[in-house]
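Spelled out from the first residue to the last, the chains are:
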Amino acid sequence: MADASERDSARRRENAHGRRAGALAALAMCMLSFLLGRAISQPISAMTAALTRLAVGDFNVALPGQSRRDEIGEMAGAARIFKDNMIETERLRAEQLADQQAQSIQRRDERLRLASGFQDAVGSIVDKVSSEATETRGRGLDPDADRRGHARNCRAWCRAHRVKPPAIFNRWPRLPAR
């Protein structure tokens, strides 16, 4: 019986050692999975924060994990390309806006130059016509005489042929004869 109780006692000790070893192994596995999870989640969280800042237009953000040689490093490399392309796009957009503004200013200046030339040309014509009209009146000639004569002839022709005069004569005032 002593033999059976020694075997029983040895079996209990082995079971206790086995349970302790199993508990230690389980604890080690939990610690390892916790540390591994943190080693993966922290860089991904940092990358997410950096990409969020980049998405709102902060191009001065530092991209974490670029020196790593794992998947996180590959993600950081892709994010770097994305950042460089966004910076280039913004530079091109600013350059295009500056070109559009320069063209707008150039078109405005050209329109002002043309308007000034037109004003000068029309002004000289108006001055010439005004001076000739003044000369004509000064010599006693009536500049409206031709118009009155043509209108009188047209009205007479319309009466003779019993035709209604054109509507334009309704707008022409009858000028008094001088």
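Here we summarise the structure given alongside this text. (Residues numbered from 1 in each chain as written. Predicted model: local features only at pLDDT ≥ 70, side-chain atom pairs only at ≥ 80, totals over all residues. Heavy atoms only, no water.)

A closer look at the overall build of the chain
Piece 1. Scanning the chain from terminus to terminus reveals four helices and zero strands.
Piece 2. In the chain, the succession of α and β elements from N to C terminus is α-α-α-α.
Piece 3. Expressed as a percentage of the 178 residues in the chain, the buried residues total 11%.
Piece 4. Within the chain, contacts between residues at least 6 apart in sequence are counted, and of these 46% link residues at least 24 apart. (Helix = DSSP H or I, 4+ residues; strand = E, 2+ residues; numbered from the N terminus. Buried < 20%, exposed > 50% of the residue type's maximum accessible area, 1.4 Å probe, protein only. Contact = heavy atoms within 4.5 Å.)

Some thoughts on the pattern of salt bridges
Piece 1. What the rule picks out here adds up to nine salt bridges.
Piece 2. One salt bridge in this structure joins R53 and D58, with 2.7 Å as the shortest N-O distance.
Piece 3. Here E88 makes a salt bridge to R91, at a shortest N to O gap of 2.5 Å. Here R91 and E88 lie together in helix α2 (residues 71–138), a separation of three residues that amounts to about one turn.
Piece 4. Residue classification places E88 among the partly exposed residues on the basis of a relative accessible area of 34%.
Piece 5. The exposure class assigned to R91 is partly exposed, which follows from its relative accessible area of 41%.
Piece 6. Each of E88, R91 and E95 takes part in a single network of salt bridges with overlapping partners. (Salt bridge = Lys/Arg side-chain N within 4 Å of Asp/Glu carboxyl O.)

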